[in-house]
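# What the coordinates show
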Amino acid sequence: MAASFSQTKCFHPRNTFMRLIVLSIFGLIAIALTMRAPTAERIHKFKQQLATHAAPDCSFNETHIQNLQMRYDLTDSIEYARRQIRYLPQDIKRKSLTKIDDELFPEDFDEVNLKSPPSDITCLKEIELPVPKSARPGTADARDFLFGVSTTYKRLTEAKTSPMLEWAHWLTDGNGKSNGGGLILRLVDASEEQLDEARKRLTSLGIDVKVYHSDSSIEMAQRYLSLLPTLYNDASRKNRKWLVMCDDDTFFPSMSALVNRFSEYNHKSDLYIGTFSEDISNIKRHGSQAFGGAGVFFSIHLASVITDLYEDCITPKKIKESDTGWGPQGDILLRKCIYEHTEIRLTLLRDLHQLDIVGDPAGFYESGVAPLSLHHFKGGPIWTKAAVYEGAKVAHACGEDCYLQRFISNDDFVISNGFSIAYYPKGIQFDINQVERTFGAAPEDFGYNLDFMLGPQRGSLTKTGRKVAWELRESTNLGGGSVLQSYIRKADDKRWTEDGRPLFDKDGVLELVWVP
Ligand SMILES: *[C@@H]1O[C@H](CO)[C@@H](O)[C@H](O)[C@H]1NC(C)=O
């Protein structure tokens, strides 16, 4: 080392005189280089720089963070950082992983005491990021689709389970107007007042809805199957191409992408389109069929065939046959109806996701996936929890393709846009193209249950000290193509520990502001 340093020594300016000469030469070269650009061009370039590199707002919004503190029970002292990302829509393909040639968080996070908040935060320059051009939510034309959902008034209206805002995401323009997609809603055992109230609330969101009563004394599997004739007999059918059955916890994050995908199918043929469960145990147990939570799509003609077959398909014998030990299943009744009477078989659309996984779903949402549907994201006793409605809001900024797109920075952060910002303190030595198995399969988990649908998964990094993630809890659509995302990491999150020791003593908040 010493030898190589001494070799360079003779080039070092040793005294003031030498230093002056060297500086003047460099100065003259610099001036000569700048002079070469014509003045008009230089001014234009300067103006462009001003426009695109406007300094981001680095004030600390006390109210906003204190709201987060209240809602997520944050410690009084938090680690905080915010970065502004200017997205540049271009004619490029959506990649599962896109490189940001920059560090995402080059400075230490700010330590913020929320009892005496600062007025400003460490100001990081804006990042520019090319993204594929794609539609914003609310611009889809979904008039070819009529959806059917069955639920209860309680699930419709309780905060934990209510799908109303999600429906507004995929059934309206976001401004109180329908996007053309229709909804037939059946409320089990609801009163007249409840049907009215549901109608009022959904209509006020802009959802084109018809609300009907349904009766719990009818076997659930039969009730499910009977939804298809109801969709088929709806007055709007003659203007539709696709009749869709889904659950009250089915979410379509990217309606334009869904509409585009279905334009590739021949709607005049007999089509039964859906996807399998991720868990081969479920296929073994229930059969090879569309699993309804991911959404099941029927061409009009096939729906007419099933409507004609309806009585033959719901006999007590058929209902008994659709019971695999877990009670009669609507999905099975439907499959039997089609498979036993017609030559039509399921068309698999693997971008729909049933999400029969348990535990922490991070590995799925951090895989770069571009889902056409999501399901089982509301938690509860069995299924996983993810803030997919809040997450998908980023499409109001950088477009539908941008949701769950991954961006990797030089300092080993990976943004899974709208789900998490993960940091890998010991580097990324694993195959990031494989799904991390943060989750499991419902019992019995043989280890390989999910491999067929998700590909073999790499091991989980939780509790190894090799990964930390801030997960998206809220997004704010700021209007004009800007979205603010709030990602939160709790200090007591057992996942971010090493040898049982927590990696942090404070909660952390990272925010991204996506601007046009
Ligand atoms: C600060 O946050 C509050 C609450 O989220 C919001 O209403 C307000 O517009 C924000 N102010 C600024 C300057 O962003």
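Below is a short write-up of the structure.

Criteria and thresholds
- Residues numbered from 1 in each chain as written.
- Predicted model: local features only at pLDDT ≥ 70, side-chain atom pairs only at ≥ 80, totals over all residues.
- Heavy atoms only, no water.
- Helix = DSSP H or I, 4+ residues; strand = E, 2+ residues; numbered from the N terminus.
- Buried < 20%, exposed > 50% of the residue type's maximum accessible area, 1.4 Å probe, protein only.
- Contact = heavy atoms within 4.5 Å.
- Areas by Shrake-Rupley, 256 points an atom, 1.4 Å probe, with all protein chains shown as cover.
- Core = buried A, V, L, I, M, F, W, Y, C linked by side-chain atoms within 4.5 Å.
- Domains from an automatic or database assignment.
- Disulfide = S-S within 2.5 Å.
- Polar contact = N/O pair within 3.5 Å; in protein donor to acceptor, adjacent residues only side chain to side chain.
- Pairing = 2+ DSSP bridges.
- Expected span 1.5 Å × (residues − 1).
- Axes fitted to C-alpha atoms, helices over the stretch in contact; angles between N-to-C directions.
- Parallel < 35°, antiparallel > 145°, perpendicular 65-115°, else oblique.
- Left-handed = near helix turned anticlockwise from the far one by under 90°.
- Nonpolar A, V, L, I, M, F, W, Y, C, P; charged D, E, K, R; others polar.
- Near = heavy atom within 4 Å.

A count of helical and extended segments in the protein gives 17 helices and 23 strands. A burial count over the protein gives 52% of its 516 residues as buried. In the protein, of all internal contacts separated by at least 6 residues, the share reaching a separation of at least 24 is 74%. Per element, the accessible surface of the protein, about 24,600 Å² overall, is 54% carbon and sulfur.

As a further point, take the nonpolar core. Among the nonpolar cores identified, the biggest contains 95 residues, and Phe147, Trp167, Tyr365 and Trp514 are the most heavily contacted of them. A per-element tally of this core places helix α6 (residues 164-171) first, with five residues. If you count residues domain by domain, this core takes at least three from each of domain 1 (57-134 + 385-516) and domain 2 (145-348).

By the definition in use, this model includes three disulfides. Covalent S-S linkage joins cysteine 58 and cysteine 123, the inter-sulfur distance amounting to 1.9 Å. Here the disulfide of cysteine 58 and cysteine 123 is right-handed, its torsion about the S-S bond being about 75 degrees. Here cysteine 123 lies in the loop between β3 (110-113) and β4 (127-132) and cysteine 58 lies in the loop between α3 (39-52) and α4 (62-72), a separation of 65 residues in the sequence.

This part is about the environment of aspartate 507. Checked against the element boundaries, aspartate 507 lands in strand β23 (residues 507-515). Residues aspartate 507 and isoleucine 488 lie 19 residues apart in sequence; the distance between their C-alpha atoms is 7.6 Å. Looking at aspartate 507, its side chain comes within polar contact range of the main-chain nitrogen of threonine 75, at 2.9 Å. At a separation of 2.7 Å, a polar atom in the side chain of aspartate 507 contacts the main-chain amide nitrogen of alanine 491.

A few words now on the pairing of strand β16 (residues 413-416). Neither face of β16 is left uncovered, since the one carrying Phe413 and Ile415 and the one carrying Val414 and Ser416 both have all their residues buried. As paired strands, strand β15 (residues 406-409) and β16 are joined by three bridges and run antiparallel to one another. Within β16, the position partnered with phenylalanine 407 by the bridge is isoleucine 415. Remark: three residues form the turn of the hairpin made by β15 and β16, two consecutive strands paired antiparallel; aspartate 412 in that turn has positive phi of roughly 65 degrees. Note that β16 and strand β17 (residues 420-423) share four bridges and pair antiparallel. Paired with serine 416 across the bridge in β17 is serine 420. Here β16 folds back onto β17, and the loop between the two strands holds three residues, one of which, glycine 418, carries a positive phi near 95 degrees.

Further remarks concern helix α13 (residues 330-341). With twelve residues, α13 extends 17 Å between its outermost C-alpha atoms, agreeing within 8% with the 16 Å of an ideal straight helix rising 1.5 Å per residue. With respect to burial, α13 is a largely interior element, nine of its twelve residues being buried. Taken together, the buried positions of α13 are occupied by Gly330, Asp331, Ile332, Leu333, Leu334, Arg335, Lys336, Cys337 and Ile338.

The subject of this paragraph is the environment of phenylalanine 147. By the secondary structure assignment, phenylalanine 147 is in strand β5 (residues 145-151). Setting aside residues no more than four positions away along its own chain, phenylalanine 147 makes contact with Trp170, Leu171, Gly182, Leu183, Ile184, Leu231, Val244, Cys246, Phe252 and Met255.

A two-sided burial pattern is seen for β15, the buried positions comprising Arg406 and Ile408 on one face and Phe407 and Ser409 on the other. Where strand β2 (residues 97-100) meets β15, four bridges bridge the pair, whose relative direction is parallel. Within β15, the residue paired with isoleucine 100 across the bridge is serine 409.

With that out of the way, let us pick up the packing of helix α8 (residues 220-232) against helix α11 (residues 300-313). Interhelical geometry of α8 versus α11 gives an angle of 135 degrees and a closest axis separation of 9 Å. It follows from the interaxial angle that α8 and α11 lie oblique. Considering the relative orientation of α8 and α11, their crossing is left-handed. In contact with Gln222, Leu225, Ser226, Leu228, Pro229 and Tyr232 of α8, α11 contributes Ile300, Ala303, Ser304, Ile306, Thr307, Tyr310 and Cys313. Of the residues in the contact of α8 with α11, the class split is nine nonpolar, four polar and no charged.

What follows is about the site of the ligand. Around the ligand, the neighbouring residues are Asn61, His64 and Asn67. One nitrogen or oxygen atom from the side chain of asparagine 61 is found 2.5 Å from an oxygen atom belonging to the ligand. Here the ligand loses 32% of its free accessible area of 360 Å² to cover by the protein chains.

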